[in-house]
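Fold and contact review
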Amino acid sequence: MRTIPFQVLALCGAFSTLVSGVAVEQRTTKHLRPVREKRGQDPIVGVKGAPILGGSNEAIVAQNPSQLQPPPTDAGTGVPNLKWSFSLSNMLLSEGGFVREQVVQDLPASKEFSAAQNHVKKGAIRQMHWHDVNEWGIVTNGSVLVSVVSSSGQNQLFKADQGDIWYFPKGQGHAIQGLSEQGAEYLLVFDNGDFNALGTTFNIDDWLVHTPPSVLAKNFGLPKNSTLPFSTVPKTAGSINPGKVGSEPLPKALAGELTGNSSYYFPGSKTKFTEAPGKGGRYLAVDSTNFPISKGLAAQIVEVDPGAMRELHWHPNGGEWLYFMEGTARGTVWIGGGQARTFDFVVGDTAVFPDNSGHYIENTSPTQCLRYLEIFKSDHVEDFSLAQWMALTQPDMVAQILNISVEAVKATKKEKQVIVKNN
């Protein structure tokens, strides 16, 4: 398979880049669904349905046509809502930026995943903290400085640019600071339905202000009657606080730095994507095979060309959490038992597909690339291709089961296509 660098992908994506030394302007995606066919604002398909007499939210309808007028292949009521938009999330504002979350209370089907969009102004710091869950992060705009210390006393300081990734196993203390003039944004994904539940996220200032001063003095080797340096710690716990970019070097750890297989950093902005055999796009898998520390969460960044499609497939190693970074998409989720439901997606949408459910993701734009993220609660990315399964099964069996010709079975591609082009 031919591979191409992330920088080339950025021409179709939300990440700014340099191509042949020339700056490429970052595009702003319009949250509009391309018009593929003339559709009304009423739930009418053929002779089925009727006009809505009580009114409707036209903006929501425009972004979700498959909910108003589902394809005839959708069936049953067993597939719950599997979609959320960060635009509906509560915006938590601070002097240093903002945070908005998607937790299980927002999307009840997302019991194993939650996420947060974070914006940090230049110098602002997502304060020192740790989680009782694993954290996977990717920079979506700008650059940040990340500091982390492991329980073994090793440390690491790295600059993460757009497209770069980190992974922190549960309990690892870390902090993140904005470096870009216009601010920086990053997406965090956690392997728990509510990363912000009580007893899940721990901020350092919250701990210090709830510890007796005499205990702090003893712990840090200070004289009993000395003025504690912690007396000025903020009394209210904050998430992102204003700050300035410093110049002090990383302290030398006696146990050394976190490097090689122990590194928490993956240079996604510099890593080549693989071109799909189906010639419909490209993808980058980031899991324990190329990012050894990432044993709890595996990821795949997928870019789908206009009109192309992530082929029909399923994942044997668990459910899938998705985040749409650029473009517009449509996908049908089939959970067996004659139950299927189609969803439409725009930038900022998240979704969760049930364990082993069959699905696809189609780029619904005739001109714009689609880029989205797949996350799995696993140490590796794995999927089954429907077409490959059929092609590698005894042809007579497939033909008789599906009531199709043996020739049609033999014409199915034996190689996994991953992303198929628009014919």
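Residues numbered from 1 in each chain as written. Predicted model: local features only at pLDDT ≥ 70, side-chain atom pairs only at ≥ 80, totals over all residues. Heavy atoms only, no water.

Focus on the overall build of the protein
Helices and strands together make up the secondary structure of the protein, namely eight helices and 31 strands. Taking 423 residues into account, the globule formula puts the C-alpha radius of gyration at 22 Å, and the protein, at 24 Å, falls close to it. Over its C-alpha atoms, taken along the principal directions, the protein stretches across nearly 85 × 55 × 45 Å. When burial is assessed residue by residue, the protein has 49% of its 423 residues classed as buried. Counted over contacts in the protein with a minimum sequence separation of 6, partners at least 24 positions apart contribute 77%. With the model as given, the accessible surface of the protein reaches about 21000 Å², and the carbon-plus-sulfur share is 57%. Mean positive and mean negative side-chain charge positions of the protein (36 and 39 charges, respectively) differ by 3 Å. (Helix = DSSP H or I, 4+ residues; strand = E, 2+ residues; numbered from the N terminus. Rg over C-alpha atoms; globule rule 2.2 N^0.38 Å. Buried < 20%, exposed > 50% of the residue type's maximum accessible area, 1.4 Å probe, protein only. Contact = heavy atoms within 4.5 Å. Areas by Shrake-Rupley, 256 points an atom, 1.4 Å probe, with all protein chains shown as cover. Lys, Arg positive; Asp, Glu negative; His and termini not counted. Charge placed at Lys NZ, Arg CZ, Asp CG, Glu CD.)

Observations concerning the pairing of strand β22 (residues 298-304)
Buried residues dominate β22, accounting for seven of its seven residues. By the alternation rule, side chains of β22 split into A298, Q300, V302 and V304 and A299, I301 and E303, which are all buried. One ladder, built from six bridges, connects strand β21 (residues 281-286) with β22; its direction is antiparallel. Paired with A285 across the bridge in β22 is Q300. In this structure, β22 lies alongside strand β29 (residues 370-376), joined through seven bridges in antiparallel fashion. When the bridges of β29 are listed, I301 appears paired with L373. (Pairing = 2+ DSSP bridges.)

Let's talk about unusual backbone geometry
Positioned with a positive phi, N356 is a non-glycine residue whose angle comes to about 70°. With respect to the helices and strands, the residue N356 is situated in the loop between β27 (349-353) and β28 (358-363). Among the residues examined, N356 registers a relative accessible area of 37% and is labelled partly exposed. The phi dihedral of N403 is positive, around 60°, even though this residue is not glycine. Locating N403 in the fold gives a position in the loop between α7 (395-402) and α8 (406-410). Look at N403 and you get exposed, because its relative accessible area is 71%.

Structural notes on the layout of surface pockets
Volume-wise, the largest pocket comes out at about 840 Å³. Taken together, 36 residues line the largest pocket, and the ones lying closest to its centre are I125, M128, S147, H174 and A175. Secondary-structure elements contributing two or more residues to the lining of the largest pocket are β10 (125-131), β12 (144-149), β13 (155-160), β15 (173-178), α4 (204-208) and α5 (213-219). Taken together, the residues of the lining of the largest pocket sort by class into 21 nonpolar, 13 polar and two charged. (1 Å grid on protein atoms, 1.4 Å probe; cavity = no way out; pocket = protein on both sides within 12 Å on 5 of 7 lines; lining within 4 Å. Points joined across faces, edges and corners; volume = space filled by probe spheres on them. Nonpolar A, V, L, I, M, F, W, Y, C, P; charged D, E, K, R; others polar.)

Quick word on the confidence of the model for the protein
When pLDDT is averaged along the protein, the result is 91; 90% of the residues meet or exceed 70. Note that pLDDT drops below 50 for residues 5-10; the model gives that stretch 24 contacts with residues more than four away or on any other chain. (pLDDT = per-residue confidence, 0-100.)

Regarding the packing of aromatic side chains
Here the structure, examined in full by the defined rule, presents 16 aromatic pairs. Seen from their ring centres, F266 and F291 are 5.5 Å apart, and the 45° between their planes marks the pair as tilted. Here F266 is found in strand β19 (residues 265-266), whereas its partner F291 is found in the loop between β21 and β22, with 25 residues between them in sequence. Look at F266 and you get buried, because its relative accessible area is 6%. Given a relative accessible area of 2%, F291 falls into the buried group. (Phe/Tyr/Trp six-rings, centres within 6.5 Å; stacked < 30°, edge-to-face > 60°.)

Some remarks on the sheet that holds strand β9 (residues 114-120)
Strand order in this open sheet of seven strands is β7-β8-β9-β16-β11-β14-β19, and the pairing throughout is antiparallel. The two strands at the open ends of the sheet, each matched to only one other strand, are β7 (91-94) and β19. One ladder, built from four bridges, connects β7 with strand β8 (residues 97-102); its direction is antiparallel. For L92, the partnering residue across the bridge sits in β8 and is V99.

What about a nonpolar patch on the surface?
Side chains of M397, I401, L402 and I404 sit close together on the surface and give an oily, nonpolar patch of about 400 Å² of accessible area. Turning to its location among the elements, L402 is positioned in helix α7. For L402, a relative accessible area of 44% translates into the label partly exposed. (Patch = residues over 30% accessible without salt bridge, like charges linked within 9 Å, V, L, I, M, F, W, Y side chains within 5 Å. Salt bridge = Lys/Arg side-chain N within 4 Å of Asp/Glu carboxyl O.)

Some thoughts on the pattern of salt bridges
Pairing is possible between side chains that carry opposite charge, provided their charged atoms lie close to one another. The full count for this structure, using the stated rule, is 12 salt bridges. A salt bridge links K83 to D349, with the nearest nitrogen and oxygen atoms 3.6 Å apart. One end of the pair, K83, is in strand β6 (residues 83-85); the other, D349, is in strand β27, and 266 residues separate them in sequence. Judged by relative accessible area, which is 2%, D349 ranks as buried. Linking K122 and E181 is a salt bridge whose minimum nitrogen-to-oxygen distance equals 2.4 Å. In this pair, K122 sits in the loop between β9 and β10 while E181 sits in the loop between β15 and β16 (184-190), placing the two residues 59 residues apart along the sequence. Judged by its relative accessible area of 40%, K122 falls in the partly exposed class.

As for the nonpolar core
Core analysis: the biggest nonpolar cluster contains 50 residues, and W136, V144, W166, L187, W321, L373 and I375 have the highest contact counts within it. Here the element with the most residues in this core is β16; it accounts for six residues. If we ignore the near neighbours within four places in the chain, the residues touching W321 are Q102, S110, F113, A115, L187, V189, T350, A351, V352, L373, E374 and I375. Counting residues in each nonpolar core, the second largest holds 20 residues, with L82, Y283, A329 and I419 among its members. (Core = buried A, V, L, I, M, F, W, Y, C linked by side-chain atoms within 4.5 Å.)

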